[in-house]
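Coordinates in review
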Amino acid sequence: MIRATDLSWRAGGKAILHGTSLTVAKGEVLGLIGPNGSGKSTLLRLLAGLLKPSSGHLELAGRPLDRMRQRDIARLLAFVAQQAETSDRISVRDAVELGRTPWLDALRPWSEEDDRHVAHALARVGMQGFETRDWITLSGGERQRVHIARALAQCPKVMLLDEPTNHLDIHHQLSIMQLVADLKLTTVIALHDLNQAMICDRLGVMHHGRLIALGPPAGILTPELLERVFAVRITELTDPSDGSRIMRFLPLNRKETTCAF
Amino acid sequence: MTLALIGTRPRRRGLRAFHGIWIVLILIAALLAGICIGETRIPVSTVLQVMANRFWDAGYVLDPIDEGIIWSYRLPRALVAGGCGTALAVCGVILQSLLRNALADPYLLGISAGASTGAVLIAVVGIGAAAVPMSAGALGGALLAFGLVALLARMAGGGTGLRGAGQIILAGIAGSQLFNAMTSFLIARSANAEQARGIMYWLLGNLSGIRWDDVWLALAAAILLLIVAFWHMRALDAFTFGAESAASLGIPVRQVQVVLIVVSAMATAVMVSITGSIGFVGLVVPHAARFLVGVRHALLVPASALIGMVFLIAADIMSRIMIPGQTLPIGVVTALVGAPVFAVILIRARTVSR
Ligand SMILES: Nc1ncnc2c1ncn2[C@@H]1O[C@H](COP(=O)(O)OP(=O)(O)O)[C@@H](O)[C@H]1O
Ligand SMILES: [Mg+2]
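Under an unreviewed UniProt entry, the name given to chain B is Iron ABC transporter permease, and the organism recorded is Paracoccus onubensis. Heading Subcellular location (unreviewed entry) of the UniProt record for chain B holds this comment: "Cell membrane". According to the UniProt record, the Sequence similarities (unreviewed entry) comment for chain B is "Belongs to the binding-protein-dependent transport system permease family. FecCD subfamily."

Chain A goes by ABC transporter ATP-binding protein in an unreviewed UniProt entry, where it is assigned to Paracoccus onubensis. Under Sequence similarities (unreviewed entry), UniProt gives the following word-for-word description of chain A: "Belongs to the ABC transporter superfamily."

Shown next, in the form of structure tokens:
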């Protein structure tokens with residue numbers, strides 16, 4: 001679905017992203033991990049056509065992205081930004097209806113089909129019944145769900161999500177991750193919780209604006225790599241309830257040996 | 001105005017005809033009020049007879065003085081007031097959406113001041129005080145002012161939120177001061193005393209001496225702006241979560257911003273060159289409209305257009321009857337209403353964004 005070849009992006013004379021290549025297959029969930037400032041958001045914005053690459057080539061569904069109109073991109077691909085807030089007094093339904101924008105114009109006004117897409121999107125994120133609620137009255141997790149519903153109302157083939165579980169409590173983190181896994185869309189998702197990254201089909205590790213590793217979670221999340229990228233020490237545990245791997249993080253510089261005095 | 005209802009939601013479709021009738025009734029009532037009320041009160045029947053004479057050669061025998069007041073003085077004045085109110089209100093809606101700023105308004109952002117400078121420059125340089133070249137000069141001034149203010153706000157670290165909102169308004173005040181000073185300089189340097197007084201009076205926002213030529217220009221600008229705003233109503237909605245979100249919804253953001261800002265500056269420039277700069281309409285009216293119909297532009301644009309029209313016609317009536325025997329500049333009346341509302345919005349904005 002997505003093919004990026006040797007992407008770079010510069011801002012203010014500084015290279016933020018260096019020659020990054022990756023492909024995302026249809027239906028695959030690709031996770032992007034990396035410390036703050038490593039370039040995850042930048043890569044997602046490039047993939048979404050919101051930034052123009054300084055060099056390199058991008059294809060979406062077999063078509064070069066730089067030749068596609070913004071509207072055609074939006075029909076194929078939806079983007080849920082890390083932070084998108086408003087002080088307008090809009091309702092949940094209004095917010096989700098925005099997702100129909102790429103399908104409407106002066107000659108094709110709002111129709112009952114659009115109503116159905118909106119209702120369906122709300123149901124998929126479990127927010128039916130919230131239609132008339134004011135945006136400002138929603139909690140963080142509810143807002144994130146509405147953003148995802150808005151993206152779903154675009155009827156995209158590809159979803160890009162930028163740290164959608166940021167600032168959420170553990171219950172909402174897990175339910176958003178479950179939701180993403182259940183969407184069955186081609187998905188690229190930036191994450192910062194490494195344990196949540198385990199549900200992805202493949203993981204890409206970003207470090208200083210480079211994609212330094214790409215592959216299945218088990219092969220990628222090695223203690224050596226994580227120590228280098230995140231500057232933490234990892235110990236792995238196994239959850240006795242289902243045998244899954246859990247990582248525990250410790251500061252790198254803490255000495256395990258006894259104190260010297 | 002029938003355009004007003006295209007694109008509302010289908011579940012409200014049954015109400016469309018109903019709303020359409022209301023809009024036409026309000027339009028006619030406002031124009032009639034603007035024509036009838038004034039130093040000499042004119043009965044509605046006389047107004048209708050004049051219209052019948054003009055449009056259908058009905059041949060009613062009327063006092064030519066009444067007929068003159070109605071046809072050459074009050075009707076053009078009411079039409080320009082209405083067109084100007086519509087245009088300034090819709091400009092406010094557009095700027096508030098694009099800049100994500102509840103305080104955006106052509107007057108506060110210095111666009112009107114820039115337009116004044118441009119128009120005065122054309123007037124004193126001597127190309128003449130005709131509406132079209134003055135509008136062109138005003139457009140240049142308006143775009144220059146907007147560019148300058150936007151740049152200044154950006155350098156001062158603008159953005160969304162109340163702090164960013166404050167920055168761009170401060171930049172707008174700085175821009176207004178600069179352009180007003182330039183206008184004063186131009187007048188002091190190049191105009192004789194009589195010209196200077198005329199220009200000063202016009203600058204305060206003034207509907208005296210409106211002619212039919214002005215009416216056509218004002219209505220054309222207002223209608224063009226309305227059409228462009230309608231065409232972009234979904235784009236304006238899509239800016240709800242900011243420009244990047246709009247782009248991800250398929251809006252060609254740069255292109256939409258340029259088109260909407262140029263057309264808004266054009267409409268502001270035309271209105272300023274005809275009526276001087278009338279403040280606070282673009283600020284007050286969209287807020288009132290949002291209060292009534294919500295934030296979606298399919299309703300917000302027509303509601304603002306209608307309320308803006310009624311507001312300025314009413315303000316014009318007030319300006320003519322507040323002090324007997326004297327006509328106040330209309331800008332004074334809108335400021336008397338607008339400044340307190342501005343204060344209320346400021347206070348509410350603080351409580352909303354913490
Ligand atoms: N528009 C920009 N101009 C300059 N630097 C930027 C810009 N956008 C991002 N950066 C820088 O690029 C780096 C990567 O940012 P980002 O992609 O947001 O990282 P992440 O999402 O992984 O935290 C950061 O150091 C950030 O400061
Ligand atoms: Mg980020």
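1. Thoughts on the UniProt feature "domain: ABC transporter" (unreviewed entry) in chain A
Under the UniProt annotation, the feature "domain: ABC transporter" (unreviewed entry) is placed at residues 2-233 of chain A. Across residues 2-233 of chain A, helical content stands at 31% and strand content at 27%; the span's end C-alpha atoms are separated by 33 Å.

2. Thoughts on the coordination of the magnesium ion (ligand 2)
All names here are of chain A. Coordination of the magnesium ion (ligand 2) by the protein comes from S41 (OG) and Q82 (OE1), over a distance range of 2.0 to 2.5 Å. Pair noted here: S41 is in helix 1 (residues 40-47) and Q82 is in the loop between strand 6 (77-80) and helix 3 (92-97), with a separation of 41 residues, a long-range link. Judged by relative accessible area, which is 17%, S41 ranks as buried.

3. Notes on the pattern of salt bridges
Following the criterion strictly, the structure yields 17 salt bridges over all chains and no others. Residue R100 of chain B pairs with D88 of chain A through a salt bridge whose shortest N-O separation is 2.8 Å. Remark: D88 of chain A occurs in the loop between strand 6 and helix 3 and R100 of chain B occurs in the loop between helix 3 (64-99) and helix 4 (111-125); the pair is interchain, linking two chains. On the accessibility criterion, R100 of chain B (18% relative accessible area) is buried. One salt bridge connects R54 of chain B with E67 of chain B, and the closest N-O pair in it is separated by 4.0 Å. Of the two residues, R54 of chain B is situated in helix 2 (residues 44-56) and E67 of chain B in helix 3; the sequence distance between them amounts to 13 residues. A relative accessible area of 17% places E67 of chain B in the buried class. Through salt bridges with shared partners, a single network forms among D94 and E97 of chain A together with D237 and R296 of chain B.

4. Re helix 6 (residues 170-182) of chain A
Residue and element names in this part refer to chain A. Between its terminal C-alpha atoms helix 6 stretches 18 Å, which fits the 18 Å expected from 13 residues at 1.5 Å a residue. All of the buried residues in helix 6 are Q173, S175, I176, M177, L179 and V180. Its buried side turned inward, helix 6 meets helix 4 (112-124), helix 5 (140-153), strand 7 (158-162) and strand 8 (186-190). Sitting at the head of helix 6, D169 places a side-chain oxygen 3.2 Å from the backbone nitrogen of H171.

What counts as what
- Residues numbered from 1 in each chain as written.
- Chains lettered and ligands numbered in written order.
- Predicted model: local features only at pLDDT ≥ 70, side-chain atom pairs only at ≥ 80, totals over all residues.
- Heavy atoms only, no water.
- UniProt positions renumbered as here; feature names shortened; annotations may be inferred.
- Helix = DSSP H or I, 4+ residues; strand = E, 2+ residues; numbered from the N terminus.
- Donors = N, O, S within 2.8 Å, 3.2 Å for Na, K, Ca; no water.
- Buried < 20%, exposed > 50% of the residue type's maximum accessible area, 1.4 Å probe, protein only.
- Salt bridge = Lys/Arg side-chain N within 4 Å of Asp/Glu carboxyl O.
- Expected span 1.5 Å × (residues − 1).
- Contact = heavy atoms within 4.5 Å.
- Polar contact = N/O pair within 3.5 Å; in protein donor to acceptor, adjacent residues only side chain to side chain.

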